[in-house]
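# A structural walkthrough
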Protein chains: 2
Amino acid sequence: MTNNTYAVIMAGGVGARFWPLSRMERPKQFLSVFGEQSLIEDTVDRLRKRIDPQRILIITNHLHEDRTRELFPWLPQDNIIGEPMGRNTAACVALAALILADRDPDARMIVLPADHFIGDEEEFLCTLERAISACRSGHLVTLGIQPTSPETGYGYIQHEAEELAPGIHPVRTFAEKPNYDTALLFLKSGDFLWNSGIFIWEVEAIIDGFERWLPDLWEVLQELRPHLTSPRFHEVLLACYQRLQPVSIDIGIMEPASRQKGKVRVIRASFPWNDVGTWAEVYRMRDKDELGNAVHSLSREFDKPPVIMIDSNQNLVMTEQRAVALVGIQKAIVIDTADALLVCHQDHHQDVRHVIQRLKEDGYHELL
Amino acid sequence: MTNNTYAVIMAGGVGARFWPLSRMERPKQFLSVFGEQSLIEDTVDRLRKRIDPQRILIITNHLHEDRTRELFPWLPQDNIIGEPMGRNTAACVALAALILADRDPDARMIVLPADHFIGDEEEFLCTLERAISACRSGHLVTLGIQPTSPETGYGYIQHEAEELAPGIHPVRTFAEKPNYDTALLFLKSGDFLWNSGIFIWEVEAIIDGFERWLPDLWEVLQELRPHLTSPRFHEVLLACYQRLQPVSIDIGIMEPASRQKGKVRVIRASFPWNDVGTWAEVYRMRDKDELGNAVHSLSREFDKPPVIMIDSNQNLVMTEQRAVALVGIQKAIVIDTADALLVCHQDHHQDVRHVIQRLKEDGYHELL
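Because the structure is predicted, anything quoted here is derived from the model rather than measured.

## As for unusual backbone geometry
Residue and element names in this part refer to chain A. For the peptide bond that leads from Trp19 to Pro20, omega is 5 degrees, which places it in the cis range. By the secondary structure assignment, Pro20 is in the loop between strand E1 (5–11) and helix H1 (39–48). Phi at Asp311 is positive, roughly 50 degrees, even though this residue is not glycine. Inspection of the secondary structure assignment puts Asp311 in the loop between strand E13 (307–310) and strand E14 (316–319).

See below:
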């Protein structure tokens with residue numbers, strides 16, 4: 001990719017739906033749910049194939065800054081930035097834009113989440129190359145994933161029929177997570193894509209966007225400008241963030257921008273993608289045996305966990321160190337960690353967050 | 001009870017159906033599945049209310065002798081006897097009879113398993129008192145439990161209509177574990193009772209029984225007679241046991257004896273009883289909340305385990321030290337121990353033994 005292409009990895013998530021594996025101090029991006037590596041390692045490795053480490057930035061919560069530095073000791077110190085608190089994605093992107101504009105006014109930014117699954121690396125990188133070209137002259141570009149099922153857990157992007165280049169369209173509208181019937185209509189329509197949360201733009205263009213659509217947020221962050229490389233950076237960042245209203249980049253920038261004709265473009269992406277939002281999605285994405293069981297060891301020291309299935313199928317079992325036996329069990333998610341065990345029916349995967357709620361109410365803070 | 005009444009507790013079981021809580025070195029009688037105490041402690045405590053410790057014997061496997069002594073330091077040393085190997089209940093009873101006849105030729109014996117649940121202690125002890133009377137003049141007495149459901153996991157005893165005293169009948173026949181349809185017929189018939197495995201007789205009468213119906217077994221054990229209190233006891237016992245054919249007291253003695261008119265008597269017992277054969281029975285016997293969930297802490301240090309149920313009912317959860325969350329789970333048995341986890345559907349409770357089989361095949365001997 002061009003020498004002025006930067007990747008900004010958003011790694012501020014908490015992932016309560018992955019309890020008991022994810023915890024406050026071990027959010028989703030640090031979990032290895034598909035292979036040996038954590039999701040954030042997969043994300044960085046993919047980008048590294050085309051982007052120099054000097055131009056890869058990670059924005060994370062300050063609580064996870066140390067762990068992130070440990071994972072990527074070869075990244076420049078200044079490329080891992082800890083936010084003092086979560087203020088949603090618009091703040092994160094604005095902070096990155098401010099930093100990059102200072103380093104390189106001609107920078108192009110790829111903004112992407114740390115914790116998504118991407119199935120075809122080559123296709124992914126190729127799509128990014130095309131996006132880099134498509135963002136020239138101030139366009140805000142997003143990747144839309146060709147939907148394969150009527151998902152109710154994703155936002156959608158509707159594109160215009162007009163094709164600017166093969167698979168590149170002007171955006172007509174952004175749609176929130178639909179109900180099932182609407183999702184079915186979206187799937188059948190042919191012009192709705194899943195909103196991947198991956199954006200590509202020139203730093204100048206997104207700064208222009210902040211000035212127009214989120215001027216208050218952008219104004220607050222200007223205080224940071226004289227301190228970008230000073231020892232007072234974190235102190236001033238905290239002061240700024242305390243005054244910010246949380247808003248997502250989708251709602252704060254992309255939606256209003258899409259109402260300006262021709263400003264926002266979407267690329268129809270065809271690589272397998274998943275935001276890995278729930279255990280059920282982990283199950284769906286994993287290799288399974290002939291009975292539909294997926295077994296995964298959570299410990300690198302413990303290759304082949306003794307997991308025994310008797311009359312049991314379509315289960316996901318993850319175990320840290322214990323032997324696990326399932327007898328007569330269907331469609332369960334069994335996540336066995338050192339201090340907590342989850343047994344969840346796959347049809348109830350959305351309800352894992354109620355466990356978090358109950359643990360809070362009952363005062364089991366050490367389990368959160 | 002009379003001064004010549006002895007209790008012989010048979011504690012040789014392994015209880016593979018209680019994996020992962022029961023193991024080869026921690027069989028069922030040592031588990032506390034209903035309360036604070038283990039099943040064998042409950043059994044001894046019940047008997048102690050009426051029988052002096054001097055007259056309580058425990059026959060266990062030599063592997064469990066030390067643990068048994070630790071549990072009952074106040075029992076006379078010689079009253080805990082370790083069998084060198086399991087040779088089924090006839091050998092166990094014959095050994096006890098040999099020892100008791102040597103101590104007290106007028107002894108009466110109550111023979112009972114260490115690991116059954118008994119719900120009404122007073123009623124149980126009262127029934128034993130009646131049995132002690134009923135065994136006078138050489139009768140072999142057994143307790144039959146009034147059935148409350150068509151159980152296929154128990155043996156049955158059919159009694160004659162004739163009533164020798166209230167609730168005491170001659171035995172017509174012993175029946176093996178029936179299939180469901182037969183069990184239903186047994187239940188409706190009114191003259192079939194569950195075989196509790198609890199027997200009461202004079203030592204002289206059971207010795208007479210061994211001489212008539214299991215003469216070979218009895219003959220072999222005669223070698224032990226001169227060594228009952230000698231240091232060579234265990235050595236000679238091993239030599240004897242190696243030559244014994246395993247046979248149960250039911251098949252070896254009770255069945256042939258019942259064909260001798262008037263020899264065997266059964267007392268209709270009405271105390272709640274359960275042989276605690278599977279996890280499903282533990283679930284059935286335990287107190288449950290309004291959603292039918294039963295939760296039990298396996299550690300005495302850990303009173304109230306954080307067990308969280310979301311849309312889950314009719315489950316049994318036992319946990320040693322971990323938090324457990326069930327989401328959308330019905331009729332499961334979840335047994336969480338330090339090194340192994342079982343998740344079993346209640347309708348598949350009989351299949352836990354297949355787990356043991358698989359662990360053996362796969363070489364996980366440390367988990368057996």
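## Things to note about the sheet that holds strand E15 (residues 323–327) of chain B
The strand order across the open sheet formed by six strands is E12(A)-E14(A)-E16(A)-E17(A)-E15(B)-E13(B), and the pairing between neighbours is mixed. The sheet is open, and its two edges are formed by strand E12 (294–297) of chain A together with strand E13 (307–310) of chain B, each paired on a single side. Each adjacent strand pair in this sheet contributes to an overall mean axis angle of 5 degrees, direction not counted. Note: E12 of chain A against E14 of chain A, four bridges, orientation parallel. Paired with Ser297 of chain A across the bridge in E14 of chain A is Thr319 of chain A.

## Thoughts on the interface of chain A and chain B
Listed per partner, the contact involves 34 residues of chain A and 35 residues of chain B. Taken together, the two surfaces of chain A and chain B that pack against each other cover about 2,900 Å², and 68% of this comes from carbon and sulfur. Where chain A packs against chain B, one counts zero salt bridges. Viewed at the interface, chain B and chain A are joined by 16 residue pairs in polar contact (both at pLDDT 80 or more). At the level of secondary structure, the elements contributing two or more residues to the side of chain A that touches chain B comprise E13, strand E15 (323–327), strand E16 (332–336), strand E17 (340–345) and helix H11 (352–361) of chain A. Ranked by the residues each element gives to the side of chain A that touches chain B, the list is headed by E17 of chain A, at six residues. The residue makeup of the side of chain A that touches chain B, split by class, is 22 nonpolar, five polar and seven charged. Relative to E15 of chain B, E17 of chain A is paired through five bridges, and the arrangement is parallel. From the neighbouring strand, Ala340 of chain A faces E15 of chain B, where its bridge partner is Ala323 of chain B.

## A closer look at the side chain of Asn61 of chain B
All names here are of chain B. Along the polypeptide, Asn61 turns up in strand E2 (residues 56–61). The exposure class of Asn61 is buried, given its relative accessible area of 14%. Beyond its immediate stretch of four places on either side in the chain, Asn61 contacts Ala11, Gly12, Gly82, Glu83, Met85 and Gly86.

## A short note on the pairing of strand E7 (residues 156–159) of chain A
Residues and elements named next belong to chain A. Across the two faces of E7 the burial is the same, with Tyr156 and Gln158 and Ile157 and His159 all buried. Sheet topology note: the E7/strand E8 (residues 168–175) ladder contains four bridges and is antiparallel. Residue pairing across strands places Tyr156 opposite Ala175, the latter belonging to E8.

## Regarding the environment of Ala325 of chain A
With respect to the helices, strands and loops of the structure, Ala325 of chain A is situated in strand E15. Taking relative accessible area as the criterion, Ala325 of chain A reaches 0% and is therefore assigned buried. Linking Ala325 of chain A and Arg358 of chain A, residues 33 residues apart in sequence, is a C-alpha distance of 27 Å. When residues no more than four places from it in sequence are discounted, the contact partners of Ala325 of chain A are Ile308 of chain A together with Trp19, Leu341, Leu342, Val343 and Val355 of chain B.

## Regarding the pattern of salt bridges
Tallying each qualifying case throughout the model produces 24 salt bridges over all chains. Here Glu151 of chain B and Arg284 of chain B are joined by a salt bridge, their closest N and O atoms 3.2 Å apart. Taken as a pair, Glu151 of chain B in the loop between strand E6 (140–145) and strand E7 (156–159) and Arg284 of chain B in helix H10 (residues 279–285) lie far apart in primary sequence, 133 residues in all. Taking relative accessible area as the criterion, Glu151 of chain B reaches 14% and is therefore assigned buried. Through salt bridges with shared partners, a single ionic network connects Arg50, Glu122 and Glu129 of chain A.

## Let's talk about the sheet that holds strand E12 (residues 294–297) of chain B
Spatial ordering of the open sheet is given by E13(A)-E15(A)-E17(B)-E16(B)-E14(B)-E12(B), a layout of six strands whose pairing is mixed. In this open sheet, the two edge strands, each paired with only one partner strand, are E13 of chain A together with E12 of chain B. For this sheet the average axis-to-axis angle between neighbouring strands, irrespective of direction, equals 5 degrees.

## Describing a negative patch on the surface
Where like charges cluster on the molecular surface, the negative patch consists of Asp106, Glu204, Asp208 and Glu211 of chain A. Residue classification places Asp208 of chain A among the partly exposed positions, given a relative accessible area of 31%.

About the criteria used
- Residues numbered from 1 in each chain as written.
- Chains lettered and ligands numbered in written order.
- Predicted model: local features only at pLDDT ≥ 70, side-chain atom pairs only at ≥ 80, totals over all residues.
- Heavy atoms only, no water.
- Helix = DSSP H or I, 4+ residues; strand = E, 2+ residues; numbered from the N terminus.
- Pairing = 2+ DSSP bridges.
- Axes fitted to C-alpha atoms, helices over the stretch in contact; angles between N-to-C directions.
- Contact = heavy atoms within 4.5 Å.
- Buried area = accessible area lost by both parts, 1.4 Å probe.
- Salt bridge = Lys/Arg side-chain N within 4 Å of Asp/Glu carboxyl O.
- Polar contact = N/O pair within 3.5 Å; in protein donor to acceptor, adjacent residues only side chain to side chain.
- Nonpolar A, V, L, I, M, F, W, Y, C, P; charged D, E, K, R; others polar.
- Buried < 20%, exposed > 50% of the residue type's maximum accessible area, 1.4 Å probe, protein only.
- Patch = residues over 30% accessible without salt bridge, like charges linked within 9 Å, V, L, I, M, F, W, Y side chains within 5 Å.
- Areas by Shrake-Rupley, 256 points an atom, 1.4 Å probe, with all protein chains shown as cover.
- Lys, Arg positive; Asp, Glu negative; His and termini not counted.
- Charge placed at Lys NZ, Arg CZ, Asp CG, Glu CD.

Keep in mind that these numbers describe shape and distance, not what the molecule does.
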